[in-house]
Amino acid sequence: MKILTTPRMERCIGCHSCSLACARLVHKRLSWDTAGIRIKSSGGLSTGFEARTCLACDPAPCVAACPTAAYSQRKGGGVVVRKKLCIRCGACAKACPVDAIYLDTALEPYVCIHCGRCVPFCPHDCLEHTELSRGATPAIREAAVDGEVEP
Amino acid sequence: MIREYFRVLSVDLSSGRKTITDIDGRDAVAGGSGLAAMLFEKYGTFDKLWDDPGQPLIFAIGPLTGYFPLMSKTVCAFKSPYHDQYAESHAGGRSALSLRFADYDALVITGRAKTPSALIVGSRQIEIKDVHYLWGTDLYSAGKVLRRVLPGSGHRTILRIGPAGERQSPMACINADSYRHFGRLGAGAVMGSKNLKAIMIHGDGSFPLPEGSEYVKVFDKVYKDMTDTDMMSKYHNLGTPGNVRVMNDLKALPIRNLQATADPATEGISGERFAEVALLRNAACAGCPVGCIHIGFVRERFREENRYIYRQISYDHELIFAVGSMLGVMDCFEVLKLIDVAERMGLDVMSPGVALAWATEALEKGIITEKETLVPLAFGNSASYQAALQHMAYGTNEFYQILSQSTAKAAERYGGGDFACALGQEMAGYATGEAFFVSQALGFRHSHLDAGGYSYDQKPKGKQVEDALKFLVNDEKGRVFLTSMVSCLFARGVYTDEVLGDCLKSVGYGTLADNMGKVSEDIQRLRWKLRVRSGYRPESVSIPQRFSEITTWKGQVDRQFMEALKAGYAQAILELAGV
């Protein structure tokens, strides 16, 4: 199954179109927070922007932490979410090693479901919805997009 | 959030009182420019000076902010230190979306804080924080500390002032998120007068989508038009600096205090040249996939051995014109160095650049001496201008104190008014001819963005006063509706009346959509009414001699046509103001 990756974040201009698209199309919200992908400016030695999004762990620590099976393991990495089962305990967000899960004020969790609907809204092709196996370097993924490397 | 009323947060820095008020008027004034004007009428005092603590500093967004692409600007309104009249200045960055997600249609700041302060605003927090330790710091240093000490990293805007704002220079800007500015007419001085070093708005709320499927459909269409068509390519390719070569080819680029309108040397500061050697990356305002912000770099050798630092500096046509061609500085890295100094000082770049161009010619002509200028100002001498910009920010001597108020005031004091390139305020980078000069001289913001006079000049329409008048009045009316939404004006090709109507309807503002024509006319009238009531006399505005001495691709500027158009436009403004 395809996963969302962010191989070209150096190109990001900080328009937040991906987050807004995820909130709008997946979560039916107007927001740049309640989304499976969120953009932050990166200070320090690097400049530009970074994406906070699910890295498609398998097994996923958030699944192990979820007490109600609202989160279950997704084939290919990441989670399948059953909102009805969620009791808003916030354990998933605490368990996520990369801070990819956003909790709103009611502790409702928002996480990427790897649907790829944000991808066409990125004006600089920073994002990819791909079958590539995890662990491939961005350069290899880029080459693969250009048809030079067999996935 | 979609609602029929405005949710307005007012903060009184003197008493510390914070109030959230629901105010009616969505269908009458829409938001943005219209809302700001309505709020100034409510909170402002016409017969008191701009720096009276009671005067409001207003930030307003519109009904479509955050809902559609390029609805990404904030209108800032205030009584201006430049002319002590009602004024607006616009900026993007993350300011508009932050205010949207903090869930306020407008923020109104009155009073004067007891100590230098930062105002913190969010959907669940409002706080006035003492930051006396930042008073006197330049914009970069202040930014670094503010990012650390203010809560809510990421989805927030930080608006801040530098030394020029603290000294209350009418040329002081409010910097928004490092690369955007409420640049002109002295909004930075208003913050300074309120003892307010910074405003942080945390966009930490979220809202349900408008009901029905229409919104998502309209969004997709608008997004496609913004990104798929060629309409926006000039903004994300070279960006506005592409205008440098275009204007130069038209003999319409102001050069060396408008002593020339074309010079092959300007190739050194063309958008193409910048892109080739100095462009580091692009950035966008939040909510805009176009990404017109062009960021260049300067590096500075600080030791004999090869030790360097570098800085990232955003550049645009107006800045390149003001501290490039206008000052005879024809090297893009030298231009970036000048922008960098102005940025650090919290100065608007345009006004000081044009003011220094006047000062250079005044020095050449012997009207002033180096006793006044302190440094040997000379066209092309970037090092002198870098020093002079700091003198302007700090008001080192009487000359710089006056010059940093306005070129017109300096000319009044020292002479040389004939070659002061001021059109209501220091000119913008388009010497296209009569319609533009009149439009900026009399226009509401004294900006090239008030109406497309520069574009009218480029159309082969002849010199019919009536026709030009009609264009200026109608074009302003269209733009004032866009700045009430609040759209970036670069999107005006996409946001036609029909598209705007669809957008408004799709989120539930059907009444507003059905009355767009009348509402824009009313907002246009309201703004002029406030401006005139605060002391504006359009009939007394004059256009300095220099503007009729130039030659463009159309030939010599026609003074008679320009004066007739000016008189007609002044009359039209008074009629709009109901005088």
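Residues numbered from 1 in each chain as written. Chains lettered and ligands numbered in written order. Predicted model: local features only at pLDDT ≥ 70, side-chain atom pairs only at ≥ 80, totals over all residues.

(A) Examining the overall build of chain B more closely. A tally of regular secondary structure across chain B gives 25 helices and 20 strands. Its C-alpha radius of gyration of 22 Å places chain B within 12% of the 25 Å reference for a compact globule of 579 residues. In terms of overall dimensions, chain B has C-alpha extents of about 65 × 60 × 50 Å along its principal axes. Counting the 579 residues in chain B, one finds 60% classified as buried. Long-range pairs, those at least 24 residues apart, make up 69% of the contacts in chain B between residues at least 6 apart in sequence. (Helix = DSSP H or I, 4+ residues; strand = E, 2+ residues; numbered from the N terminus. Rg over C-alpha atoms; globule rule 2.2 N^0.38 Å. Buried ≥ 20, exposed ≤ 12 C-beta atoms within 10 Å, placed from the backbone. Contact = placed C-beta atoms within 7 Å.)

(B) A look at unusual backbone geometry. A cis amide bond, omega 10°, links A:Asp58 with the succeeding residue A:Pro59. Mapped onto the fold, A:Pro59 is located in the loop between strand 4 (49-53) and helix 2 (61-65). A cis amide bond links B:Met485 to the next residue, B:Val486, at an omega of -5°. Looking at where B:Val486 falls in the secondary structure, it is placed in the loop between helix 20 (465-485) and helix 21 (497-507). We note that A:Lys28 has phi near 55°; this positive angle belongs to a residue other than glycine. Phi at B:Ala30 is positive, roughly 65°, even though this residue is not glycine. You can see B:Ala30 is positioned in the loop between helix 1 (26-29) and helix 2 (32-43).

(C) Main features of the sheet that holds strand 7 (residues 117-122) of chain B. Residues and elements named next belong to chain B. Taken in spatial order, the six strands make up an open sheet running 8-7-12-9-10-11, and their pairing is mixed. Strands at the two margins of the open sheet, each flanked by one partner only, are strand 8 (126-130) and strand 11 (180-182). With strand direction ignored, the average angle separating the axes of adjacent strands in the sheet is 20°. One ladder, built from six bridges, connects strand 7 with strand 12 (residues 196-202); its direction is parallel. For Leu119, the partnering residue across the bridge sits in strand 12 and is Ile199. (Pairing = 2+ DSSP bridges. Axes fitted to C-alpha atoms, helices over the stretch in contact; angles between N-to-C directions.)

(D) Geometry of the domain arrangement of chain B. All names here are of chain B. Looking at the assigned domains, one finds that chain B contains domain 1 (6-202), domain 2 (229-402) and domain 3 (425-576). For domain 1 versus domain 2, the distance between C-alpha centres works out to 27 Å. Listed per partner, the contact involves 30 residues of domain 1 and 23 residues of domain 2. Of all the secondary structure elements, the ones that give two or more residues to the side of domain 1 that touches domain 2 are helix 3 (95-101), helix 4 (139-149), helix 5 (163-166) and strand 11. Considering each element in turn, the side of domain 1 that touches domain 2 owes the most residues, three residues, to helix 5. When grouped by side-chain class, the residues that make up the side of domain 1 that touches domain 2 number 14 nonpolar, 11 polar and five charged. (Domains from an automatic or database assignment. Nonpolar A, V, L, I, M, F, W, Y, C, P; charged D, E, K, R; others polar.)

(E) Looking closely at the sheet that holds strand 3 (residues 57-60) of chain B. All names here are of chain B. Strand order in the open sheet formed by six strands is 2-1-6-3-4-5, with mixed pairing between adjacent strands. This sheet does not close on itself; its edge strands, each paired only once, are strand 2 (18-23) and strand 5 (86-91). Going across the sheet, the axis of each strand differs from the next one's by a mean of 20°, ignoring polarity. As paired strands, strand 1 (residues 6-12) and strand 6 (residues 106-110) are joined by five bridges and run parallel to one another. Note on strand 6: the bridge partner recorded for Val8 is Ala106. Its contacts with the sheet put helix 2 on strand 1, strand 3, strand 4 (74-79), strand 5 and strand 6, and the angle it makes with strand 3 is roughly 150°.

(F) Quick look at the nonpolar core. With 234 residues, the main nonpolar core has B:Ile58, B:Ala106, B:Leu347 and B:Trp358 as its most contacted residues. Other than its neighbours up to four places away in sequence, B:Ile58 contacts B:Ala36, B:Leu39, B:Phe40, B:Cys76, B:Ala77, B:Phe78, B:Ala106 and B:Val108. (Core = buried A, V, L, I, M, F, W, Y, C linked by C-beta atoms within 7 Å.)

(G) Highlighting the interface of chain B and chain A. Across the boundary between the two partners, chain B contributes 28 residues, which contact 21 residues of chain A. Counting residues per element, the ones that place at least two in the side of chain B that touches chain A are helix 3, strand 13 (207-208), helix 7 (214-228) and strand 14 (279-283) of chain B. Broken down by element, the side of chain B that touches chain A gets its largest block of residues, four residues, from helix 7 of chain B. Per-class residue counts for the side of chain B that touches chain A are 14 nonpolar, 11 polar and three charged. Bridge analysis of strand 2 (residues 29-30) of chain A against strand 13 of chain B gives two bridges, and the strand direction is antiparallel. Bridge pairing in strand 13 of chain B links A:Leu30 to B:Phe207.

(H) Quick peek at the pairing of strand 7 of chain B. Residue and element names in this part refer to chain B. Taken across its six residues, strand 7 has five buried, putting it largely inside the fold. Where strand 7 and strand 8 come together, five bridges link them in antiparallel fashion. The residue of strand 8 that forms the bridge with Val121 is Ile126. Connecting the antiparallel pair strand 7 and strand 8 is a turn made up of three residues.

(I) Region of the structure containing the environment of B:Ser14. All names here are of chain B. Among the structural elements, Ser14 can be located in the loop between strand 1 and strand 2. Residues Ser14 and Pro254 lie 240 residues apart in sequence; the distance between their C-alpha atoms is 44 Å. Aside from chain neighbours lying at most four places away, what touches Ser14 is Pro53, Gly111 and Arg112.

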